[in-house]
Amino acid sequence: MRMKMAFTFGAQGFILLAIAASFLVIGEARTIVVGGSEGWRPGFNYTDWALKTSPFYLNDKLVFKYAPPSDTYVAPNVYLLPNLYSYRTCNFNSAKLLATETQGSGEGFEFVLINKWRPVYFASAAEHGSHCSEGQMKFFVIPLPHPN
Ligand SMILES: *[C@@H]1O[C@H](CO)[C@@H](O)[C@H](O)[C@H]1NC(C)=O
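Residues numbered from 1 in each chain as written. Predicted model: local features only at pLDDT ≥ 70, side-chain atom pairs only at ≥ 80, totals over all residues. Heavy atoms only, no water.

Colleague: Lay out the site of the ligand in plain terms, naming residues and giving numbers.
Modeller: Near the ligand, the surroundings consist of N45, D48 and Q136. Residue D48 places a side-chain N or O atom 2.7 Å away from an oxygen atom belonging to the ligand. Across the complex, the protein chains shield 38% of the 360 Å² of accessible surface that the ligand would expose by itself. (Near = heavy atom within 4 Å. Polar contact = N/O pair within 3.5 Å; in protein donor to acceptor, adjacent residues only side chain to side chain. Areas by Shrake-Rupley, 256 points an atom, 1.4 Å probe, with all protein chains shown as cover.)

Below is the structure:
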């Protein structure tokens, strides 16, 4: 009798634990490499990438990976643009530098999404802004709260 009780509680406990664990998995912050295996580089369509990778959730970590500059290679950087207009026109006047040309190497530059509902505009300003205006190195995400 005593054994049977213990088993019953054990099974319920296990089910509760399993349910709790599944919620944890849903709510877990993800690590997302910007551009996937392409990394952060001119010529790749990040608008398209963001579209296909969305939805983005609060506390997701974006990782920008790019090689440091060399004699033959102009490295990108990462800026936060203040609004849709500056994003559309690649205007970096009021932009905030997040990562310099050298900060994308190794593990890459990490940025955690914490602004719920608000669009976050990213772009590279390198090559006098042409990484953004011609190289398609811009995208935005709108972090959503977790579904649970
Ligand atoms: C990039 O992708 C977006 C979304 O799919 C698309 O609208 C746009 O035309 C693409 N840009 C280029 C230059 O291919």
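Colleague: Provide a residue-level description of the nonpolar core, including the pertinent values.
Modeller: Ranked by internal contacts, the top residues of the largest apolar core, which has 23 residues, are W40, L62, F64, V78, F111, F122 and F139. Elements with a contribution of two residues or more to this core: α2 (46–53), β2 (61–64), β3 (78–81), β4 (96–99), β5 (109–112), β6 (120–123) and β7 (138–141). Counting residues in hydrophobic clusters, the runner-up holds 10 residues, among them Y87, Y121, A123 and C132. (Core = buried A, V, L, I, M, F, W, Y, C linked by side-chain atoms within 4.5 Å. Buried < 20%, exposed > 50% of the residue type's maximum accessible area, 1.4 Å probe, protein only. Helix = DSSP H or I, 4+ residues; strand = E, 2+ residues; numbered from the N terminus.)

Colleague: Give me the lowdown on the sheet that holds β5, citing residues and values where you can.
Modeller: Strand order in the open sheet formed by three strands is β1-β2-β5, and the pairing between neighbours is mixed. In this open sheet, the two strands that pair with only one neighbour each are β1 (31–33) and β5. The average undirected angle you get between the axes of adjacent strands in this sheet is 25°. As judged from the three bridges shared by β1 and β2, these two strands associate in the parallel manner. Bridge assignment links T31 to a residue of β2, and that residue is K61. (Pairing = 2+ DSSP bridges. Axes fitted to C-alpha atoms, helices over the stretch in contact; angles between N-to-C directions.)

Colleague: Lay out the packing of aromatic side chains with the relevant residues and their values.
Modeller: Tallying each qualifying case throughout the model produces 16 aromatic pairs. Aromatic pair W49 and F139: ring centres 5.5 Å apart, planes at 80°, arrangement edge-to-face. Pair noted here: W49 is in helix α2 and F139 is in strand β7, with a separation of 90 residues, a long-range link. Taking relative accessible area as the criterion, W49 reaches 11% and is therefore assigned buried. Here the aromatic rings of F122 and F139 are separated by 5.1 Å at their centres, their planes lie at 25°, and the arrangement is stacked. Placement of the pair is F122 in strand β6 and F139 in strand β7, with a sequence separation of 17 residues. The exposure class assigned to F122 is buried, which follows from its relative accessible area of 0%. Grouped by ring-pair contacts, the aromatic residues W40, F44, Y46, W49, F56, F64, F109, F111, F122 and F139 constitute a single cluster. (Phe/Tyr/Trp six-rings, centres within 6.5 Å; stacked < 30°, edge-to-face > 60°.)

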